[in-house]
Amino acid sequence: MLVRRHSERFYRLAYRFAGNRSEAEDIVQEAFLRLWERPGMWQAEKKAAFTTWFYRVVTNLCLDHRKKKRPLQLVDDSWIADERHTHEEALLQHEKEQHLEAQIAALPERQRVALNLCFYEGLSNKEAAEVMGVRLKALQSLLMRAKITLKEQLNENG
Amino acid sequence: MTDTPEHDPALQALLQRRRFEPASPGLAERIIAAARRRPQIPSVRDWLGELLAEALQPKPAFALAAMLVIGFVIGGAMPWASGDQDNSLQSYFESEGANL
């Protein structure tokens, strides 16, 4: 029940860190299996809502996964089969996507986590701060710095 | 609309274009199937709770074991049931026989 309800949501987060489907699915599976093996894990932290607590579990797994496996595999080659674009357009689109991924991947870890949680997962700043275990002001600062860095880098590179 | 990074429409639009692949349709089923193959590890608190719950059950085996223990305790505490008493009784008959 829990898996069916939440697997898509946590897959989205894992995908933002892993950059490809199979690794993101493996991370989500591992997170749920850890919970299955030790159901008391969550009860030990009853103060937090399940989703908040599980966002923290998945985020930590993603960061561990990335530390173990460098460099980050940004995208696979499925763009080639995209028939909506001509080959040239698809190539251009692919380059843009890779460039954006590279810029986000180059952000400091905490800024990247803040960006993924707030911008891509739609968590409120308060929720994201709770997931990351930081104060609200610190979270806002991380988000702002991430966006400033991205804007500068993307402007520099056109 | 201000032009700070927080509200920069160009940056927002660019970030929205980030690539995303949806999950495989059977992701939840795959996780459930993997969970069925893995045993659960109970926490120490759960394990102790189960142990106490078992111990508090008046099951026949538990009752029989308790009766045996009580029997041994009572038997050991009774002087007439000890081996020494048997020996002294035997020696009594022996001495009585000698007298007769």
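Values in this document were obtained by computation on a predicted structure and should not be read as measured data. (Residues numbered from 1 in each chain as written. Chains lettered and ligands numbered in written order. Predicted model: local features only at pLDDT ≥ 70, side-chain atom pairs only at ≥ 80, totals over all residues. Heavy atoms only, no water.)

**Q** So what's going on with the side chain of Thr59(A)? Which residues, and what values?
**A** Residue and element names in this part refer to chain A. Take Thr-59: it is sitting in helix α4 (residues 50–68). Here the side chain of Thr-59 touches Tyr-55 through a polar contact of 2.6 Å, landing on its backbone oxygen. Those residues in contact with Thr-59 that lie beyond four places of it in its chain are Leu-13, Phe-17, Val-113, Leu-117 and Val-131. (Helix = DSSP H or I, 4+ residues; strand = E, 2+ residues; numbered from the N terminus. Polar contact = N/O pair within 3.5 Å; in protein donor to acceptor, adjacent residues only side chain to side chain. Contact = heavy atoms within 4.5 Å.)

**Q** Which residues make up the packing of aromatic side chains, and what values do they have?
**A** Following the criterion strictly, the structure yields 11 aromatic pairs over all chains and no others. Look at Tyr11(A) and Tyr15(A): their rings are 6.0 Å apart centre to centre, the planes differ by 45°, and that puts the pair in the tilted class. Here Tyr15(A) and Tyr11(A) lie together in helix α1 (residues 2–18), a separation of four residues that amounts to about one turn. Neither residue differs from the other here; Tyr11(A) and Tyr15(A) are each classed as buried. On the basis of an interplanar angle of 65° and a centroid distance of 6.0 Å, the ring pair of Tyr11(A) and Phe20(B) is categorised as edge-to-face. Placement of the pair is Tyr11(A) in helix α1 and Phe20(B) in the loop between α1 (9–16) and α2 (27–37), with the two residues belonging to separate chains. Residue classification places Tyr11(A) among the buried residues on the basis of a relative accessible area of 0%. (Phe/Tyr/Trp six-rings, centres within 6.5 Å; stacked < 30°, edge-to-face > 60°. Buried < 20%, exposed > 50% of the residue type's maximum accessible area, 1.4 Å probe, protein only.)

**Q** Explain the interface of chain A and chain B residue by residue, including any values.
**A** Taken together, the contacts link 40 residues of chain A with 30 residues of chain B. Note on chain A versus chain B: buried area summed over both sides is about 3800 Å², and carbon and sulfur give 54% of it. Between Arg30(B) and Glu25(A) there is a salt bridge whose closest N-O contact spans 3.1 Å. On inspection of chain A and its partner chain B, the count reaches 16 residue pairs in polar contact (both at pLDDT 80 or more). Sorting the residues of the side of chain A that touches chain B by element identifies α1, α2 (21–37), α5 (87–105), α6 (109–120) and α8 (136–156) of chain A as the ones contributing at least two each. The leading source of residues in the side of chain A that touches chain B is α2(A), at 10 residues. (Buried area = accessible area lost by both parts, 1.4 Å probe. Salt bridge = Lys/Arg side-chain N within 4 Å of Asp/Glu carboxyl O.)

**Q** Any chance you could break down the nonpolar core for me, citing the residues and the numbers?
**A** Counting residues in each nonpolar core, the largest one holds 53 residues, and the members touching the most others are Phe54(A), Val58(A), Leu115(A), Leu117(A), Leu139(A) and Leu15(B). Here this core gets nine residues from one element, more than from any other, and that element is α4(A). In this view, Phe54(A) contacts Phe10(A), Ala31(A), Phe32(A) and Leu35(A); residues no more than four positions away in its chain are not counted. (Core = buried A, V, L, I, M, F, W, Y, C linked by side-chain atoms within 4.5 Å.)

**Q** Can you explain the layout of surface pockets? Please cite residues and give values.
**A** Approximately 190 Å³ is the volume attributed to the second largest pocket. As for the second largest pocket, its lining consists of Met1(A), Leu2(A), Val3(A), Phe32(A), Leu33(A), Leu35(A), Trp36(A), Ile31(B), Ile32(B), Ala35(B) and Arg36(B). Of all the secondary-structure elements, those providing two or more residues to the lining of the second largest pocket are α1 and α2 of chain A together with α2 of chain B. For the lining of the second largest pocket, a count of residues per class yields 10 nonpolar, no polar and one charged. (1 Å grid on protein atoms, 1.4 Å probe; cavity = no way out; pocket = protein on both sides within 12 Å on 5 of 7 lines; lining within 4 Å. Points joined across faces, edges and corners; volume = space filled by probe spheres on them. Nonpolar A, V, L, I, M, F, W, Y, C, P; charged D, E, K, R; others polar.)

**Q** I'd like to hear about the packing of α1(A) against α4(A), residue by residue, with values.
**A** Residue and element names in this part refer to chain A. For the pair α1 and α4, interaxial distance at closest approach is 10 Å and the crossing angle is 40°. If you check the angle between α1 and α4, you find them oblique. The handedness of the crossing between α1 and α4 comes out as right-handed. Between α1 and α4, the contacting residues are Leu-2, His-6, Arg-9, Phe-10, Leu-13, Ala-14 and Phe-17 on the first element and Phe-50, Thr-51, Phe-54, Tyr-55, Val-58, Thr-59, Cys-62 and Leu-63 on the second. Along the lines of polarity and charge, the residues of the contact of α1 with α4 split into 11 nonpolar, three polar and one charged. (Axes fitted to C-alpha atoms, helices over the stretch in contact; angles between N-to-C directions. Parallel < 35°, antiparallel > 145°, perpendicular 65-115°, else oblique. Left-handed = near helix turned anticlockwise from the far one by under 90°.)

**Q** Which residues make up the pattern of salt bridges, and what values go with them?
**A** Going through the model one piece at a time under the given rule, you end up with 10 salt bridges over all chains. The shortest N-O distance in the salt bridge between Glu101(A) and Arg18(B) comes to 2.9 Å. Note that Glu101(A) is positioned in helix α5 and Arg18(B) in the loop between α1 and α2, a pairing that runs across two chains. The exposure class assigned to Glu101(A) is buried, which follows from its relative accessible area of 6%. Each of Glu30(A), Arg34(A), Glu37(A) and Arg38(B) takes part in a single network of salt bridges with overlapping partners.

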